[in-house]
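One letter stands for each residue in the lines below.
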Amino acid sequence: MGIPRHVAIIMDGNGRWAKKRLLPRVAGHREGMKRMVSLSDHAFDAGVEYVTLYALSCENLFRPQAELDGLFELFRTYFTQNVEHLVQKNISLRVIGDLALLPSDIALLARKGEERTAGGTRGTLVLAVAYGGRQELLSAVNAAVRGGKELDEEGFRGLLSTAEFPDPDLLIRTGNEKRLSNFLLWQSAYTELYFSEKMFPAFTDADLDRALKDYAGRERRYGRI
Ligand code: IPE
Ligand code: IPE
Ligand code: MG
């Protein structure tokens, strides 16, 4: 199969990683964010063109406010410190999800980051924040209803927040859980799934290489023979 063009990652296990080390959950998120930056660099170096990272689900917004405040602070840090890094790496940043559910300064930083990196041609980093697959599908359905005419698959795809990106070829979930948790429900119809027992902060570049190697050995049939 070669190198997947698009890798999506459900970065799960930050809290348990921290708990095991008797650290506050937000320390796990901090470590996870560091890992996320290096891991996406590594994926692009390996030849992946699109990396989509699930950073916060709509449902995560119901976590205790103290944890959310810690996460929001990390997003601020990410958008202020990592955007220039992406520019240097010639990577464009895209943010999907309902940014209206976040503090308004974060939404602004996210849009600014997208503008600043818009010229990046080596790859696209898609950050899913306040994202939910069902919410995305519903808003596409409502847009279709407003449009007043029936759509085909391509037409519907065009209404999703991921309209400009190919579907993920490989979806990795860390943290030893085997579920999608409302991530890319439409887009992952024929995606290859890979589950790792490692908590996200402990998921190394070598672990990613293992997942890529596993993918390379698979046969994708898309229902055919
Ligand atoms: C994933 O780690 C990051 C977010 C959901 C924000 P978790 O915070 O879900 O970590 P666990 O699953 O509790 O270990
Ligand atoms: C999925 O992890 C969301 C992200 C990694 C951003 P969760 O920890 O929210 O998933 P569940 O609750 O275990 O399904
Ligand atoms: Mg979790």
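Before reading further, recall that the structure is shown in the block above.
Residues numbered from 1 in each chain as written. Chains lettered and ligands numbered in written order. Predicted model: local features only at pLDDT ≥ 70, side-chain atom pairs only at ≥ 80, totals over all residues. Heavy atoms only, no water.

(A) Structural context of the site of ligand 2. The local shell around ligand 2 consists of I10, M11, D12, Y54, A55, L56, N60, R63, R173, R179 and S181. A distance of 3.2 Å separates an oxygen atom of ligand 2 from a polar side-chain atom of D12. The contact in question runs from an oxygen atom of ligand 2 to an N or O atom on the side chain of R173, over 3.3 Å. About the coverage of ligand 2: the protein hides 78% of its 390 Å² of free accessible area. Most atoms of ligand 2, that is more than half of them, are within 2 Å of grid points of the largest pocket. Partitioning the shell around ligand 2 into residue classes produces 5 nonpolar, 2 polar and 4 charged. (Near = heavy atom within 4 Å. Polar contact = N/O pair within 3.5 Å; in protein donor to acceptor, adjacent residues only side chain to side chain. Areas by Shrake-Rupley, 256 points an atom, 1.4 Å probe, with all protein chains shown as cover. 1 Å grid on protein atoms, 1.4 Å probe; cavity = no way out; pocket = protein on both sides within 12 Å on 5 of 7 lines; lining within 4 Å. Sits in = over half its atoms within 2 Å of the grid points. Nonpolar A, V, L, I, M, F, W, Y, C, P; charged D, E, K, R; others polar.)

(B) Molecular detail of the layout of surface pockets. Of the volumes computed, that of the largest pocket is approximately 530 Å³. Lining the largest pocket are 26 residues, with M11, N14, H29, A55 and N60 sitting closest to its centre. Counting only elements with at least two residues in the lining of the largest pocket, the list comes to α1 (14-20), α2 (25-45) and α3 (65-81). Here the lining of the largest pocket takes 5 residues from α2, the largest share from any one element. Residue composition of the lining of the largest pocket, by class: 12 nonpolar, 8 polar and 6 charged. For the second largest pocket, the calculated volume is near 210 Å³. (Points joined across faces, edges and corners; volume = space filled by probe spheres on them. Helix = DSSP H or I, 4+ residues; strand = E, 2+ residues; numbered from the N terminus.)

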